[in-house]
Amino acid sequence: VLSFIIFICYIASSAASFMMAPLLEFLLALFLFFAYASKLNEKFKGLYWPLSDFLRCVTAAIIYFAISIAAVSKYSDGASKAAGVFGFIATIVYAIDFYITFNDLVTFLKQGSSSPPEGRKSD
């Protein structure tokens, strides 16, 4: 929701060149939400779902921080300032999500490394 609000603010501002980052982040978050809701993570075991969510959080926090600084410092209209402020809030939210997802990722990797590989069982 926060990414969508930032996207709308960038569309209404003179900093419309920054609108692609929140749009892509919104679509990625929407995809992962529906993937987890429809249990795609259980059907497709080849993809490390916690790792993809972790990378999404890290890149989103970095990108939102960078474009928020640019929007607040370079543009003077109200919509750009609002998008920048919401971008800083999104940076904090994604940093918290990064921390939570990192803990889940560590648990997931420890769980996966404790079981022996399938190839060694047949030997």
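Residues numbered from 1 in each chain as written. Predicted model: local features only at pLDDT ≥ 70, side-chain atom pairs only at ≥ 80, totals over all residues. Heavy atoms only, no water.

- An unreviewed UniProt entry lists the protein chain under the name CKLF3 protein, with Nothocercus julius as the source organism.
- On record in UniProt, under Subcellular location (unreviewed entry), the comment for the protein chain is "Membrane". (UniProt positions renumbered as here; feature names shortened; annotations may be inferred.)

## Digging into the overall build of the protein chain
Here's step 1: Helix and strand counts for the protein chain come out as 6 helices and 0 strands.
Here's step 2: Here the protein chain has a C-alpha radius of gyration of 18 Å; the compact-globule value for 123 residues is 14 Å, and the former is much larger.
Here's step 3: Structurally, the protein chain occupies a C-alpha span of about 65 × 25 × 20 Å along its principal axes.
Here's step 4: Out of the 123 residues in the protein chain, the part that is buried amounts to 28%.
Here's step 5: The contacts in the protein chain between residues at least 6 apart in sequence include a share of 65% that link residues at least 24 apart.
Here's step 6: Carbon and sulfur atoms make up 73% of the accessible area of the protein chain, which totals about 7,900 Å². (Helix = DSSP H or I, 4+ residues; strand = E, 2+ residues; numbered from the N terminus. Rg over C-alpha atoms; globule rule 2.2 N^0.38 Å. Buried < 20%, exposed > 50% of the residue type's maximum accessible area, 1.4 Å probe, protein only. Contact = heavy atoms within 4.5 Å. Areas by Shrake-Rupley, 256 points an atom, 1.4 Å probe, with all protein chains shown as cover.)

## With respect to the UniProt feature "domain: MARVEL" (unreviewed entry) in the protein chain
Here's step 1: Under the UniProt annotation, "domain: MARVEL" (unreviewed entry) lies at residues 1-106.
Here's step 2: The distance separating the terminal C-alpha atoms of residues 1-106 is 27 Å; by composition the span is 83% helix and 0% strand.

## Looking at the nonpolar core
Nonpolar side chains in soluble globular proteins generally cluster together in the buried interior.
Here's step 1: Counting 14 residues, the largest nonpolar core has Tyr10, Phe18, Tyr64 and Tyr94 as the members making the most contacts within it.
Here's step 2: Among the elements of the structure, helix 1 (2-12), helix 4 (49-74) and helix 5 (78-114) are those that each provide at least two residues to this core.
Here's step 3: With 5 residues, helix 4 is the single largest residue contributor to this core.
Here's step 4: When neighbours within four sequence positions are excluded, Tyr94 is seen to be in contact with Ser3, Glu25, Arg56, Cys57, Ala60, Ala61 and Tyr64. (Core = buried A, V, L, I, M, F, W, Y, C linked by side-chain atoms within 4.5 Å.)

## Some remarks on the packing of helix 1 against helix 2 (residues 20-37)
Here's step 1: For the pair helix 1 and helix 2, the least separation of the axes is 8 Å and the interaxial angle reads 155 degrees. Comparing the axis directions of helix 1 and helix 2 gives the class roughly antiparallel. Where helix 1 crosses over helix 2, the two elements pack in a sense that is left-handed. Each of Ser3, Phe4, Ile6, Phe7 and Tyr10 in helix 1 lies in contact with helix 2, whose residues at this interface are Pro22, Leu23, Glu25 and Phe26. (Axes fitted to C-alpha atoms, helices over the stretch in contact; angles between N-to-C directions. Parallel < 35°, antiparallel > 145°, perpendicular 65-115°, else oblique. Left-handed = near helix turned anticlockwise from the far one by under 90°.)

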